[in-house]
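# Survey of secondary and tertiary structure
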Amino acid sequence: MSKKIAKLLASIQRKEDVAIESILYLDPSDDADHSCAVCLANVGNEPNPFDVSSILAVLAGLRGFQTLKVARGKSYSFAVFASPLDAQTAFTHLDNAFFAATSDTSVDASDILFPHHLVSAAVKSQHPTGRIIHAFKAKRIPFSDSDTLTKPSDILAAIPGLHIVHDFISEEEEVRLLEGMEQHPWISLSERQVQHHGFVFDYDSNHIDFSKDPGQLPAWCQFLVQRMHDTLRQLMLQYPHDFDFRGFNQLTLNRYPPGSGISPHVDTHTRFDSPITSVSLLSPVQMEFRTLYYSDPTSPVTTTTPQLQPTHKTLHVQLPPRSICFMAGASRFGWEHGIRARKADVVNCTRVERALRVSLTFRGVRIREEEVKCDCVWDGLCDAKIAGGAKPDRLKEVDVGVNRHGVVGGKP
Ligand SMILES: O=C(O)CCC(=O)C(=O)O
Ligand SMILES: [Fe+2]
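I will try to describe carefully the structure that is included in this document. Everything quoted here is computed from the prediction, not taken from an experiment. Sequence positions are assigned chain by chain, starting from 1 and proceeding in written order. For this description, chains carry letters from A and ligands carry numbers from 1, given in the order in which they are written. Totals for whole chains, interfaces and linings use every residue, but because this is a predicted model, local features are given only for residues with pLDDT of at least 70 and side-chain atom pairs only at 80 or more, for both listing and counting. Note that the side-chain values use all heavy atoms of the structure and ignore hydrogens as well as water.

Here we take up the overall build of the protein. Secondary structure is summarised from DSSP: a helix means a run of H or I of at least four residues, a strand means a run of E of at least two, and numbering begins at the N terminus for each. Looking only at helices and strands, the protein has 10 helices and 22 strands in total. Here the protein holds 412 residues, and 51% of them are scored as buried. Any pair of residues with heavy atoms lying within 4.5 Å of one another is described as a contacting pair. Excluding contacts between residues fewer than 6 apart, the proportion of contacts in the protein whose partners are at least 24 apart in sequence is 79%. Surface exposure here means Shrake-Rupley accessible area, sampled with a 1.4 Å probe, where a residue is shielded only by the protein chains that are shown. Roughly 19,000 Å² of accessible area belongs to the protein as shown, and the carbon and sulfur atoms make up 54% of that amount. A 1.4 Å probe rolled over the protein chains alone gives each residue an accessible area, and that area as a share of the maximum for its type sets the label: buried under 20%, exposed over 50%, partly exposed in between.

Structure (structure tokens):
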């Protein structure tokens, strides 16, 4: 056996061992025989994401297959069948099978699922992403179907000030926006591309660069600006304390290929109004919101009546294409937001592949010096509260990103 193949087999074995260890606590018991679920060790979302579309093709060929349940950060998943008998049949089929992930859909399922002992080292070596599945009859599925916030009312209840509106624009309008932005050059960052329109904000000095002509926001997005203003008028009447809005004068476009994201950050408190507003196009994506200052969601925190507890909280919010996300109040000032760099998200036990996503982030830059202030309670996230005007560490990463791409005098 060549060294390369031996190394590969050792690595497959290691992954298997880790997977088995991680599910031992599930401890299959007697009544697992009456269960419809089969646990698949080594077929998970993380840490070694598997080509789930390939395995779904195999599972779909098994009698009574209903769904594959995956969870964020788990190296195993659960195939659910219509009856205990179907689950038992699938279990005998799947246990100890060698599965070679492939993105070639022309390959028949029977070609890619082999009984482990029949697979030669040579076959395995041609499939470096392949792995041996260990199946277990599982008594219960330990994943919750509510790990991602998808409903706007649930989102607002959990993260005060975060207003999501689904289908804010139509498919035709989405196409129109995408065509409009192609009239301008994109600036390439290491993983994504950006454009900036309107006022130019220097993230180094925390000031507006008045030497640069801000120009108007582009004509192709004016219909959207008008619609956002109409919606904001209503929101401001309902939640007057969460908004400090004079109009949008800056637009950042982000173009994210699948696998890319944006580091967790809070948009500079003193220089931008509330809300920060983001419109999603083309692909769904999961945005992570996290705060150190979490309070019971049933007693909403506002900027004026905080009930701060030093508890870390991270929540996952699903943003569908053509939706809008207004970050105001606590969600704007007291929570960081970011997008993990990965190719798929897990939404309530289902893997959702990402495609190219384009977002439009509208901000109101504070132009007059007397407007440049912040009296929020989230000290650690607020540039106004940090001695010497330094910026919170967490902001630096995203600031560098923007600068690198020439917002102000940077090098594209
Ligand atoms: O892509 C998004 O929706 C968010 C972008 C963002 O957070 C930003 O540009 O500050
Ligand atoms: Fe942001």
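Our next topic: the packing of helix H7 (residues 171-181) against helix H8 (residues 222-238). Across the interface, H7 lies against H8 with an axial gap of 10 Å and an inter-helix angle of 125°. As far as their axial angle goes, H8 and H7 are oblique. For the pair H7 and H8, contact is made by Glu173, Arg176 and Leu177 and by Phe223, Leu224 and Arg227, respectively. For helices, the axis comes from a line fit to the C-alpha atoms of the stretch in contact; other axes are also lines fit to C-alpha atoms, and the angle between any two N-to-C directions lies between 0 and 180 degrees. In these notes the angle categories are as follows: under 35 degrees is roughly parallel, over 145 is roughly antiparallel, 65 to 115 is roughly perpendicular, and the rest is oblique.

It is worth spelling out the environment of Asp273 at this point. Among the secondary structure elements, Asp273 is positioned in the loop between strand S14 (262-265) and strand S15 (276-281). Of the residues examined, Asp273 reaches a relative accessible area of 1% and is grouped as buried. Remark: the alpha-carbon pair of Asp273 and Glu371, spanning 98 residues in sequence, is separated by 9.2 Å. Beyond its immediate sequence surroundings of up to four residues, Asp273 is in contact with Asp244, Phe245, Arg246, Arg332, Gly364 and Arg366. Among the polar contacts made by the side chain of Asp273, one reaches the side chain of Arg366 at a distance of 2.9 Å. For this analysis, a polar contact is any N or O atom pair within 3.5 Å, provided that within protein one partner can donate a hydrogen and the other can accept it, and provided that sequence-adjacent residues contribute only side-chain to side-chain pairs.

By the secondary structure assignment, Arg351 is in strand S21 (residues 350-353). One polar contact links Arg351 to Glu353, side chain to side chain, over a distance of 3.1 Å.

Following DSSP output, two strands are said to pair if at least two bridges run between them. The strand order across the open sheet built from four strands is S2-S3-S1-S7, with neighbouring strands paired in antiparallel fashion. Looking at which strands have only one partner, the edges of the open sheet turn out to be strand S2 (65-69) and strand S7 (134-138). The mean inter-strand angle of the sheet, taken between neighbouring strand axes irrespective of direction, is 25°. Note that S2 and strand S3 (residues 76-81) share four bridges and pair antiparallel. Bridge pairing in S3 links Leu68 to Ala79.

With that out of the way, let us pick up the sheet that holds strand S13 (residues 250-256). Spatial ordering of the open sheet is given by S8-S18-S15-S22-S13-S10-S9, a layout of seven strands whose pairing is antiparallel. In the strand order of this sheet, the two ends are held by strand S8 (162-165) and strand S9 (187-188), each with one partner. Pairing of S15 with strand S22 (residues 357-363) involves five bridges; the strand directions are antiparallel. From the neighbouring strand, Val279 faces S22, where its bridge partner is Leu360. The strands touched by H7 are strand S10 (193-198), S13, S15 and S22; relative to S15, the strand with the most contacts, the crossing angle is about 100°.

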